[in-house]
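For reference, the chains in residue letters:
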Amino acid sequence: MKVVNLKQAILQAWKERWSDYQWAVNIKKNFPKGATWEYLNLAEALMEQAMIGPSPNPLILSYLKYAISSQMVSYSSVLIAISKFDDFSRDLCVKSLLEIMDMFCHRLICHGKAEECIGLCRALLGVVVWLLQGCAWYCERLRELGPTSSTEACLSECRERLHKLISSTKNRALVHIARLEDQGSWSNVEQAMLKVSEGLGYVSNPTLRTKMEESLSLVKGIPLMLSVQCDVPSYTSFPSIHAFIMLEGTMNLTGETQPMVEQLMMIKRMQRIPTSFFVLEIWKACFTGLIESPEGTEELKWTAFTFLKIPQVLLRLKKYPQSDKGQVKQSFFVRVYHVRNLQTSILNRVNIFPQDFTEDVNVAFQYLLKLTPLLDKADQRCNCDCLGMLLQECNKLGLLSESNTEILTSKRKFAPKLKTAENANIQPNPGLILRAEPTVTNILKTVDADHSKSPEGLLGVLGHMLSGKSLDLLLAAAAATGKLKSFARKFIKLNEFPKHISGEGSKSASVRALLFDISFLMLCHVVQTYGSEVVLSDPSPSGETPFFETWLQTCMPEEGKILNPDHPCFRPEPGKVESLVTLLNNSSEMKLVQVKWHEICLSTPAAILEVLNAWENGVLSVEAVQKITDNIKGKVCSMAICAVAWLVAHVRMLGRDEREKPQTMIRQLVTPLYGENTLQFYSERVIIMSSIMEHMCADVFQQTGAALRCPVEGQEPIPYRNLLPAKEPIQAALTKQFQMVLRKGWVDSRALHLFQSLLNMGGVFWFTNNLVKELLKETRQEWANRVVELLYSIFCLDSQQITLTLLGTIVPNLLTDSAHWHNLVDPPGKALAKLSVWCALSSYSSHHKGSVSAHQRRRQREDIEDYNSLFPLDDTQPSKLMRLLSSNEDEPVTLSSPGDRSMSSSLSASQLHTVNMRDPLNRVLANLFLLISSILGSKMAGPHTQFVHSFMEECVECLEQGSRGSILQFMPFTMVPELVKLPALAKPKVVLAVTDLTLPLGRRVAAKAVAAL
């Protein structure tokens, strides 16, 4: 049917003065059945005929209004027709068009196809441009003709309609979709806004001008509408930050700074923590760690973490890209701030996204000053003014201004008296650590130099490093500043240096032996203190592995590492073994000239086996064995370490009754030998040797309750070892420890090590499943939320594996088995949903960025599930795009277990982005969202449905706005219509947040969902 015939019908109705009802009846009679008025441009035809003269034709306008009311024409076609009118000089016509908009713009809705909804978005954007152009035209008229009441009235009416239209969140969402659908269209809006802004100066009415500016700001805010965050929490304690810092300080000092920063920012975003409280919680955890850390190496590690690493972390946080620049900042008032038993009323305006990070650091220190007991205890433990030293470090890095540093320092007036007769001569660890940091750089340069001609100078440097606690200080400083890997590489290179022997005298032979021995001891100490991954390097192109790395991987006992005493690495050439046994048995002392120490170390285990066999068969006496062990440890301590390493592996394979003689040999080797003929620095070397051996032997001696040597008064046991109760089931130990942590409200270092031991012993599924059961026991909202924060932090022990287990096995089992649904009632069900989302977000973020922490890599991997068989891929099934826009409601929806679902059953943004679905975490997330989709579409409601609602609500609340590649990309597009049926999620912003608007399909799905609200 041609448009001209439609115009003739309209003119005929006007000539014969048909009423609107008559017109509608006749026009339907005269046009074929099933005629599409959109295709015939009915709205545009009526508009064109109504607006021919200087004033609108009231009769034809009544036809248009009737067509709108009876839904003969769509809202989008009417808006398009309005936006085509460009003669703003005809005030009456413009006024009539604005009145027509009043009929429906407050209730724009579309239940049609996705293309129709996208059409509505485009039409709405077009009418926004039209209203802005109208405002600009009237502003220009004010400039030309001066202020007149009629022009200001027209401008006011245009502005009022624009404000009403855009003040609706739904309408702004539709315009936002149109903006992304056609990137060039937004430039029309910007140009029109620019013209209006230029013309505002000619609006003499201040009230009208202010209202115009408000309306313009609303339009300008459309691209940023997803960036306004939810309200910040009103509480001021955040156990998850505290526990995460405790975990990093206790177990991951050597970890890279950036992954730690990313994880902290993830927690900050998920919990919407104000920056000042965020920094405060970091400092509180650091001071707690300093106070409770065991004396010795652990105390130095915490000191380095607090005074060297955390300031660098804050510096990175300061430079971290903020997603809120230029956006509206929200604020809240902190009424009363509770600090243990102290209540301090602090009225302070705090921005969740501050413009000046340094001011938030300043506010955090002001809060910290209120924690007088905490600061006093830390000062007494460290024997110095800890806060003052931290303030100076932050000032050096630009985290605090000079004036704020002085003010904060002056406020700490009641510091305890630190100097007493006992500790007056003890240098504080923080000062030593801060001085050790530049020393590390100097030592690295010194070791790097060429010492082949005169290695004696280097030996002096190494000897100085061994004195007192210098080595632990330097290693802690290197670990906290990311230089420990480089430090270890230098000493591996130094350990290789003595391999090259040329004609040497006794003096150079002694120097060569000492260089090998000291570097070997240092590397063993580094491995036991910070983990073997610090020492191990990537395979070299030449394929040659340094001696120490080979020995470390095959011969050195470590916690959780079982060695085979019959391994070929312990069986070198028989001739070398025989000559070594003869040398040890007959000589009064070891010779040093022309000795290849790496070969001696590899031959020592076999020699020890020969000696042990001879002793057990009565060939050697106890005195002869003592003489041999004295020879082994008398000059080069590394020989004794290699001997004990093999003996530990050997003892593990023996029964209780067979362990006596090997353990006696270990005790003989551990006991220092003080004689006149020992090499230089022997007393320093033997202290480190004994420490290394104690760590090696701790497990095998503990198995039978035997003691390595008589306890020495004042000597502390190895920290964090053998924490599990001897006769208590691990299930009871886990429950007991978690309840203690829950009552306390935060996780300490000892608890973290105990949880680590339980995780290693019980496995990931056992550990995760039992802690989830603890969460599901909580029936009080406040306690359930506390459990979530604590569990999230504990799960950081191995977040990747635990997340796979939680989301891939435990949660699907709870959702698909009706016998477990009663466990998912609120509040524990909602708490579990929150925990699941937090784990999914942080694991996906760290996995996506490749930032897995060192302490997680250190854990042995276990095959908890074969995810490829658990979640099968159906790569042969082609995608069916028509299924995306509407689900088949006739198809029965049944709950399915993970193994029943195919990945291609519903397309998601991740598949259009070609995300690797063979990755276990991606597969688990995709399957979980498919399961959630089936539950949302199911006609059976229950606690599991409420869990799904809570899960999706938490996803939306925690979503990193403006980012792509979040976990919601795995959500099938067919879920969106189901989500908007839920009252809590039936919001335009939620729809925009959960759909990927960078994809055309995502925009269509979003448009359809928003238009139907």
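A. Local environment of the overall build of the protein chain. The helix and strand tally for the protein chain stands at 46 helices and four strands. Among the 1013 residues that make up the protein chain, the fraction classed as buried is 56%. Taking contacts inside the protein chain between residues at least 6 apart in sequence as the whole, the part at least 24 apart equals 79%. Accessible surface computed for the protein chain: about 43,700 Å², of which carbon and sulfur atoms make up 52%.

B. Structural context of the packing of helix H33 (residues 749–762) against helix H34 (residues 764–776). Two numbers describe how H33 lies on H34: the axes approach to 6 Å, and their chain directions differ by 125 degrees. With respect to their mutual orientation, H33 and H34 come out oblique. Residue-level contacts link Phe755, Leu758, Leu759 and Gly762 of H33 to Val764, Trp766 and Phe767 of H34. Taken together, the residues of the contact of H33 with H34 break down into six nonpolar, one polar and no charged.

C. View of the confidence of the model for the protein chain. Residues with a pLDDT of 70 or more make up 78% of the protein chain, whose mean pLDDT is 78. Averaged pLDDT values for the elements of the protein chain fall to 29 in strand S1 (residues 331–333) and rise to 93 in H34. Every residue in residues 862–905 is under pLDDT 50, and counting partners more than four places away or in other chains gives 86 contacts.

D. Just the nonpolar core, in detail. Trp551 and Phe767 are the most contacted members of the largest nonpolar core, which has 332 residues in total. Counting residues per element, this core draws most heavily on helix H7 (residues 114–145), at 18 residues.

E. Looking closely at the side chain of Glu954. Relative to the helices and strands, Glu954 resides in helix H43 (residues 943–958). No salt bridge is formed by the buried Glu954, whose closest oppositely charged neighbour, Lys834, lies at an N-O distance of 4.6 Å. With sequence-adjacent residues up to four places away left out, Glu954 is seen in contact with Lys834, Val837 and Trp838.

F. Highlighting the packing of aromatic side chains. Per the stated rule, a full pass over the model turns up 19 aromatic pairs. Aromatic pair Phe487 and Phe491: ring centres 5.0 Å apart, planes at 35 degrees, arrangement tilted. Here Phe487 pairs with Phe491, and both are found in helix H23 (residues 484–496), just four residues apart, close to one helical turn. Taken together through their ring pairs, the aromatic side chains of Phe516, Phe520, Phe547, Phe548 and Trp551 make up a single cluster. In this structure, Lys268 is placed above the aromatic ring of Phe278, and the distance from its NZ or CZ to the ring centre is 6.0 Å. Against the face of Trp746 rests Lys744, its NZ or CZ located 4.8 Å from the ring centre.

G. Quick look at the environment of Pro274. Positionally, Pro274 belongs in the loop between helix H13 (257–271) and helix H14 (275–292). You can call Pro274 buried: its relative accessible area is 0%. Along the backbone, Pro274 and Asp360 are 86 residues apart, and their C-alpha atoms lie at a distance of 9.0 Å.

H. How the structure looks around the environment of Gln380. Within the secondary structure, Gln380 sits in helix H17 (residues 372–382). By relative accessible area, which is 53% here, Gln380 ends up exposed. Gln380 sits 89 residues away from Ile291 along the chain, and the two C-alpha atoms are 8.9 Å apart.

I. Quick peek at the pattern of salt bridges. With the rule as written, the count across this model stands at 19 salt bridges. Here Glu140 and Arg143 are joined by a salt bridge, their closest N and O atoms 2.5 Å apart. Of this pair, Glu140 and Arg143 both sit in helix H7, three residues apart, which is roughly one turn of that helix. A salt bridge links Glu978 to Lys981; the shortest N-O distance between them is 3.4 Å. In the salt-bridge network here, residues are joined through shared partners; they are Arg122, Glu181, Arg1003 and Arg1004.

J. Examining unusual backbone geometry more closely. That bond from Asp826 to Pro827 is cis: its omega, 5 degrees, falls within 30 degrees of zero. Relative to the helices and strands, Pro827 is located in the loop between helix H36 (799–816) and helix H37 (828–849). Phi at Arg272 takes a positive value of approximately 55 degrees, unusual for a residue other than glycine. Tracing the chain through its elements places Arg272 in the loop between H13 and H14. The exposure class assigned to Arg272 is buried, which follows from its relative accessible area of 14%.

K. Expanded view of the side chain of Ser293. Inspection of the secondary structure puts Ser293 in the loop between H14 and helix H15 (297–319). One polar contact links the side chain of Ser293 to the main-chain carbonyl oxygen of Leu290, over a distance of 3.2 Å.

L. A look at the packing of helix H16 (residues 357–369) against helix H18 (residues 386–396). The geometry of H16 relative to H18 is characterised by a closest axis approach of 12 Å and an angle of 180 degrees between their N-to-C directions. Judged on the interaxial angle alone, H18 and H16 are roughly antiparallel. Residue-level inspection shows Phe365, Leu368 and Leu369 of H16 in contact with H18, the latter providing Leu387, Leu391 and Cys394. Taken together, the residues of the contact of H16 with H18 sort by class into six nonpolar, no polar and no charged.

M. Inspection of helix H29 (residues 637–652) at higher detail. With 16 residues, H29 ought to run about 22 Å at 1.5 Å a step, and its terminal C-alpha atoms sit 23 Å apart, in line with that. Summarising burial for H29: 15 of the 16 residues are buried, a large majority.

N. Here's a closer look at H16. An ideal rise of 1.5 Å per residue puts 18 Å on 13 residues; H16 measures up with 19 Å between its terminal C-alpha atoms. Among the 13 residues in H16, eleven count as buried, and that is most of the element. For H16, the set of buried residues is Phe357, Thr358, Asp360, Val361, Asn362, Val363, Ala364, Phe365, Tyr367, Leu368 and Leu369.

O. Inspection of the environment of Leu317 at higher detail. Its place among the elements puts Leu317 in helix H15. When its relative accessible area of 2% is taken as the criterion, Leu317 is described as buried. Remark: the alpha-carbon pair of Leu317 and Glu262, spanning 55 residues in sequence, is separated by 8.9 Å.

P. Quick look at the state of the cysteines. A complete count under the given rule lists zero disulfides for this structure. The closest cysteine sulfur to the non-disulfide-bonded Cys110 is located on Cys117, 3.7 Å from its own sulfur. We note that Cys135 lacks a disulfide partner, and the nearest cysteine sulfur, in Cys158, lies 4.9 Å from it. For Cys135, a relative accessible area of 0% gives the class buried.

Conventions and cut-offs
- Residues numbered from 1 in each chain as written.
- Predicted model: local features only at pLDDT ≥ 70, side-chain atom pairs only at ≥ 80, totals over all residues.
- Heavy atoms only, no water.
- Helix = DSSP H or I, 4+ residues; strand = E, 2+ residues; numbered from the N terminus.
- Buried < 20%, exposed > 50% of the residue type's maximum accessible area, 1.4 Å probe, protein only.
- Contact = heavy atoms within 4.5 Å.
- Areas by Shrake-Rupley, 256 points an atom, 1.4 Å probe, with all protein chains shown as cover.
- Axes fitted to C-alpha atoms, helices over the stretch in contact; angles between N-to-C directions.
- Parallel < 35°, antiparallel > 145°, perpendicular 65-115°, else oblique.
- Nonpolar A, V, L, I, M, F, W, Y, C, P; charged D, E, K, R; others polar.
- pLDDT = per-residue confidence, 0-100.
- Core = buried A, V, L, I, M, F, W, Y, C linked by side-chain atoms within 4.5 Å.
- Lys, Arg positive; Asp, Glu negative; His and termini not counted.
- Salt bridge = Lys/Arg side-chain N within 4 Å of Asp/Glu carboxyl O.
- Phe/Tyr/Trp six-rings, centres within 6.5 Å; stacked < 30°, edge-to-face > 60°.
- Lys NZ or Arg CZ within 6 Å of the ring centre and 35° of its normal.
- Polar contact = N/O pair within 3.5 Å; in protein donor to acceptor, adjacent residues only side chain to side chain.
- Expected span 1.5 Å × (residues − 1).
- Disulfide = S-S within 2.5 Å.

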